[in-house]
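# Examination of the molecular architecture
Below are the chains, spelled out letter by letter.
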Amino acid sequence: MGNSLKAIVAFVPSDECQKYLLEDLEEMPVDKMVDLSGRQLRRLPLHICSFRELVKLYLSDNNLTHLPPELEQLQNLQILALDFNNFKALPLAVCTLKQLCILYLGNNKLCSLPLELRLLQNLKTLWIESNCLQHLPEVVCELSLLKTLHAGSNALRALPARLRGLRELRSIWLSGNLLSEFPPVLLHMPFLEVIDVDRNAIRFFPSLAHLPGLKLVIYDHNPCRNAPKVAKGVRRVGRWSEESPEPRKRSGAVIEISLDERPLPPPTDRPDVE
């Protein structure tokens with residue numbers, strides 16, 4: 001079915017038209033996964049919520065603004081993808097899915113996250129990039145098993161001090177925000193392996209050499225006058241990294257040597273359940 005026809009049918013709320021968009025998905029697949037990405041859906045068909053053994057549900061790239069409360073019946077769900085929709089608020093039914101390990105919320109219109117998100121104590125990966133967040137929601141600091149946080153392309157100017165309590169956090173992606181200084185809280189998180197602060201407004205980098213777990217730091221596209229110092233074996237992506245020296249003074253002038261290498265983007269392949 002062509003995308004243009006799907007778009008037209010999506011405006012018709014009848015059950016017959018919505019069923020047409022699902023392309024005859026009547027029973028739960030054997031692999032316990034349902035992928036309804038890019039179907040122009042404006043509402044989640046209720047019969048999907050009857051697939052109580054469902055483990056993975058992909059609803060990316062639709063026109064969803066809400067989800068039915070019946071979603072809470074999917075208590076075995078481990079992966080839920082809601083990215084590239086039109087959510088202005090996270091549906092509270094999502095917060096009842098206590099087995100969730102991976103939650104994709106990127107490219108929506110979220111300005112906050114509900115306190116009920118703290119109920120997702122099995123969450124290991126959270127994608128909230130490309131939303132309207134001016135502050136990292138404090139409730140994120142209560143997700144004790146979180147390992148990966150993607151929060152790029154928002155309007156963050158700082159990070160909460162409580163973030164240091166996430167002792168399982170290994171990767172934090174913050175590119176494309178409004179950070180004017182390197183977040184101090186990250187200096188107290190020795191377990192971090194990946195720090196991405198590409199495309200911010202950071203002018204000075206403190207030493208990161210004391211972070212024993214660090215493997216990669218991406219700091220390119222900042223108006224900085226120095227590169228962060230790191231321990232031996234840590235990869236830096238930005239100006240004056242391994243491939244070129246830091247700026248040197250000559251007759252009082254600072255000569256900057258730029259690096260052609262560009263930062264690695266966050267992984268595009270969605271991880272499976274660990």
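In this convention, every chain numbers its residues from 1, walking through the sequence in written order. The predicted nature of this model means local features are confined to residues of pLDDT at least 70 and side-chain atom pairs, given and counted, to a pLDDT of 80 or more, with totals for whole chains, interfaces and linings taken over all residues. Side-chain calculation: all heavy atoms of the structure are included, whereas hydrogens and water are not.

## Some remarks on the packing of aromatic side chains
- By convention, a stacked pair of Phe, Tyr or Trp rings (six-membered ring in the case of Trp) has centres within 6.5 Å and planes under 30 degrees apart, an edge-to-face pair has planes over 60 apart, and any other such pair is tilted. Tallied over the full model, the rule gives three aromatic pairs.
- Judged by centre distance (5.4 Å) and plane angle (50°), the ring pair of Y104 and W127 falls under tilted. Here the residue Y104 occupies a position in strand β4 (residues 102–104), and W127 occupies one in strand β5 (residues 125–127), the gap between them amounting to 23 residues.
- These aromatic residues form a ring-pair network of at least three members: F182, F205 and Y219. Starting at the N terminus, helices and strands are each numbered in turn, a helix being any DSSP run of H or I of at least four residues and a strand any DSSP run of E of at least two.

## Here's the deal with the sheet that holds β5
- Reading across from one edge, β1-β2-β3-β4-β5-β6-β7-β8-β9-β10 is the order of the 10 strands in this open sheet, with parallel pairing throughout. Single-partner strands in this sheet number two, and they are β1 (33–35) and β10 (235–237). With strand direction ignored, the average angle separating the axes of adjacent strands in the sheet is 5°.
- Two strands pair when backbone bridges link them, and strand β7 (residues 171–173) and strand β8 (residues 194–196) are joined in this way by three bridges, in the parallel orientation. Bridge pairing links W173 to D196 in β8. Here the rule is simple: two strands pair whenever DSSP picks up at least two bridges between them. Orientation is described by lines fitted to C-alpha atoms, with helices fitted over the stretch in contact, and by angles between N-to-C directions that extend from 0 to 180 degrees.

## Comments concerning the side chain of N200
- For N200, the location among the structural elements is in the loop between β8 and β9 (216–218).
- Here a polar contact is recorded for every N or O atom pair within 3.5 Å, except that within protein the pair must consist of a potential hydrogen donor and a potential acceptor, and residues adjacent in sequence are included only if both atoms are side-chain atoms. Side-chain polar atoms of N200 contact the backbone nitrogen of N177, separated by 3.3 Å.
- From its side chain, N200 meets the backbone oxygen of D198 in a polar contact 3.1 Å long.
- Contacts are assigned to residue pairs that have any heavy atoms within 4.5 Å of one another. Excluding anything up to four places from it in sequence, N200 contacts L174, S175, G176, N177, L178, L179, H221, N222 and P223.

## Quick look at the environment of F51
- Tracing the sequence through the fold places F51 in the loop between β1 and β2 (56–58).
- Among the residues examined, F51 registers a relative accessible area of 7% and is labelled buried.
- The spatial distance from the C-alpha of F51 to the C-alpha of P29 is 9.1 Å, given a sequence separation of 22 residues.
- If we ignore the near neighbours within four places in the chain, the residues touching F51 are L25, E26, E27, M28, V34 and L74. In this scheme, a residue with accessible area under 20% of its type's maximum is buried, one over 50% is exposed, and one in between is partly exposed, where area comes from a 1.4 Å probe on protein chains only.

## Topic: the environment of P212
- Tracing the backbone shows P212 in the loop between β8 and β9.
- Given a relative accessible area of 68%, P212 falls into the exposed group.
- It is 9.4 Å that separates the C-alpha atoms of P212 and V230, two residues lying 18 residues apart in sequence.

## Considerations on the pattern of salt bridges
- By convention in these notes, a salt bridge is any Lys or Arg side-chain nitrogen within 4 Å of a carboxyl oxygen on Asp or Glu. With the rule as written, the count across this model stands at five salt bridges.
- Note that D198 and R199 form a salt bridge whose closest N and O atoms lie 3.5 Å from each other.
- Residue classification places D198 among the buried residues on the basis of a relative accessible area of 6%.
- A single network of salt bridges, built from pairs that share partners, joins R118, E138, E142 and R162.

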